[in-house]
Amino acid sequence: MKNAAMVKLPEEKAENDGRSCIHNRVVQYLREQSIGFRPFQKNEMDAFMTTVGSTLWQLDGSWHKFHTASNVQALPESLHFVPEGRDSYRILHHGNHKKKCTPQIKSDELLVNYERLELLTTKRYLQAEDWKPVLRDIQQLKDSIGDYLRHVFRACDVKSAPSCDLEKVDVENRVLKVVLPVHQRDESVKLRYKDLEKRLLDVPTYTELNMIFVTPIERRMKHKYIIRLQLGFAVHLYRTYSPNATFVWRIDLSDSDVNSALVVARIEKNHH
């Protein structure tokens, strides 16, 4: 490891459960890559471990589903941690009995993992030369999840799965709506959207912002942040499911929709 005295790895955990086992495998993966974090990169290190660890936990024991799905590239083998003699780390302990808990891949959780990985790949330290092998693995992991989600969404059939909500899962679906200004807001609401308002005011009207950079990471909190959006000016909110993302930009209510149509076209071109 380069400059070993100046870099550090996350501490390994006591392997009391599957999550801690996966955490330790990620640490070992970084060690094998001869890579580490600088002392001032604690936040980056924590974010990396949380993002990669939670994604691998979600996928634990389910890699074969990706390999058998159509038009889905294989998940990176370097991040495939299979316990010796087992298929999964997800083991539930009930007294003296052990029962394997087969992971269930849930689309909404995978969407969260996809967004977190997408944000992780933008981090500056991952662009460094010695981090490039790790960046490639993270990008491949993200792209494989994206392929799998599209596979699942296309396979969704109302006849065979009447509970399937096509409004939410159809990869071709797009939602564009106006959010009108709210001039009388509680101080707590103003504080919640202060960062978003500043970002939007710092750029010209009709300049889109991916809300992944301002919303909470936790899925339910993120959902509430978006649906309860209250700003001091009018915006367009654009939701796309391929990839799963929400964009927002300031608008002039006296304008026609032509400018927003141009923004949507730009988003579609840059993100598909």
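In this text the structure is predicted, and so the values were computed from the model without any measurement.

Rules of the game
Residues numbered from 1 in each chain as written. Predicted model: local features only at pLDDT ≥ 70, side-chain atom pairs only at ≥ 80, totals over all residues. Heavy atoms only, no water. Helix = DSSP H or I, 4+ residues; strand = E, 2+ residues; numbered from the N terminus. Buried < 20%, exposed > 50% of the residue type's maximum accessible area, 1.4 Å probe, protein only. Contact = heavy atoms within 4.5 Å. Areas by Shrake-Rupley, 256 points an atom, 1.4 Å probe, with all protein chains shown as cover. Expected span 1.5 Å × (residues − 1). Phe/Tyr/Trp six-rings, centres within 6.5 Å; stacked < 30°, edge-to-face > 60°. Lys NZ or Arg CZ within 6 Å of the ring centre and 35° of its normal. pLDDT = per-residue confidence, 0-100. Polar contact = N/O pair within 3.5 Å; in protein donor to acceptor, adjacent residues only side chain to side chain. Core = buried A, V, L, I, M, F, W, Y, C linked by side-chain atoms within 4.5 Å. Pairing = 2+ DSSP bridges.

Asks: Would you mind going over the overall build of the protein chain with me for this structure?
Replies: A count of helical and extended segments in the protein chain gives 10 helices and 6 strands. In the protein chain, which comprises 272 residues, the share counted as buried stands at 43%. A sequence separation of at least 24 residues applies to 67% of the contacts in the protein chain between residues at least 6 apart. Of the roughly 15700 Å² of accessible surface on the protein chain, a fraction of 50% belongs to carbon and sulfur atoms.

Asks: For this particular structure, what's the right way to read helix α2 (residues 42-59)?
Replies: In an α-helix, one turn spans 3.6 residues, which is why side chains three or four residues apart end up on the same side. Look at α2: 26 Å from first C-alpha to last across 18 residues, which is about the 26 Å you get at 1.5 Å a residue. Where α2 is concerned, the buried positions are M45, F48, M49, T51, V52, G53, S54, T55, L56, W57, Q58 and L59. Downstream of α2 by a residue or two, G61 has a phi angle that is positive, lying close to 80°.

Asks: Can you walk me through the packing of aromatic side chains in this structure?
Replies: Working definition: an aromatic ring pair is given by the centre-to-centre distance plus the angle between the planes. One pass over the structure, following the stated rule, counts 8 aromatic pairs. Consider the rings of Y238 and W249, whose centres lie 6.4 Å apart with planes at 50°: the pair is tilted. In this pair, Y238 sits in strand β5 (residues 235-241) while W249 sits in strand β6 (residues 244-250), placing the two residues 11 residues apart along the sequence. For W249, a relative accessible area of 0% gives the class buried. The structure contains a cluster of three or more aromatic residues connected by ring pairs, namely F37, F48, Y125 and W131. R250 extends its terminal NZ or CZ atom over the ring of F233, reaching a point 6.0 Å from the ring centre.

Asks: What is the right way to read the confidence of the model for the protein chain from this model?
Replies: Interpretation of the predicted coordinates at a detailed level should be avoided for regions scoring low in pLDDT. Across the protein chain, the average pLDDT comes to 80, with 81% of residues at 70 or higher. For residues 156-173, every residue scores under 50 in pLDDT, and the model assigns this stretch 18 contacts once sequence neighbours within four places are set aside.

Asks: Teacher, can you tell me more about the side chain of S144 here?
Replies: Note that S144 resides in helix α5 (residues 132-155). Overall, the relative accessible area of 0% leaves S144 in the buried class. Within the structure, the side chain of S144 is placed 2.8 Å from the backbone oxygen of Q140, a separation counted as a polar contact. Here S144 is in contact with F66, V72, Q73, A74 and L75, once residues within four sequence places are set aside.

Asks: Is there a simple way to explain the nonpolar core in this structure?
Replies: The nonpolar side chains of a soluble globular protein tend to be buried, and buried together. Ranked by size, the top nonpolar core spans 40 residues in total, and within it L30, F48, L56 and W131 carry the most contacts. Listing elements by their share of this core, those giving two or more residues are α1 (18-32), α2, α3 (63-68), α4 (107-120) and α5. When neighbours within four sequence positions are excluded, F48 is seen to be in contact with V26, L30, F37, G53, L120, Y125, W131, V134 and I138. Counting 16 residues, the second largest nonpolar core, distinct from the first, contains V179, V214, Y225 and L237.

Asks: In this structure, what is going on with the environment of I217? I would like to understand it.
Replies: Examined against the element boundaries, I217 turns out to sit in the loop between β4 (209-210) and α9 (219-227). Measuring from C-alpha to C-alpha, the distance between I217 and V112 comes to 8.2 Å, with 105 residues separating the pair along the chain. Other than its neighbours up to four places away in sequence, I217 contacts V112 and R116.

Asks: Would you take a moment to explain unusual backbone geometry for this structure?
Replies: The phi dihedral of S34 is positive, around 55°, even though this residue is not glycine. Along the chain, S34 falls in the loop between α1 and α2. We note that Y206 has phi near 65°; this positive angle belongs to a residue other than glycine. Tracing the backbone shows Y206 in the loop between α8 (194-201) and β4.

Asks: Help me understand the pairing of β6, please; the structure alone is not making it clear to me.
Replies: The side chains of a regular strand alternate between the sheet's two faces. By the criterion of burial, β6 is predominantly enclosed, with 7 of the 7 residues buried. Side chains N244, T246, V248 and R250 of β6 all project onto a buried face; the interleaved residues A245, F247 and W249 project onto the opposite face, where all are buried too. Bridging between β4 and β6 involves 2 bridges; their strand directions are antiparallel. Bridge assignment links L209 to a residue of β6, and that residue is V248.

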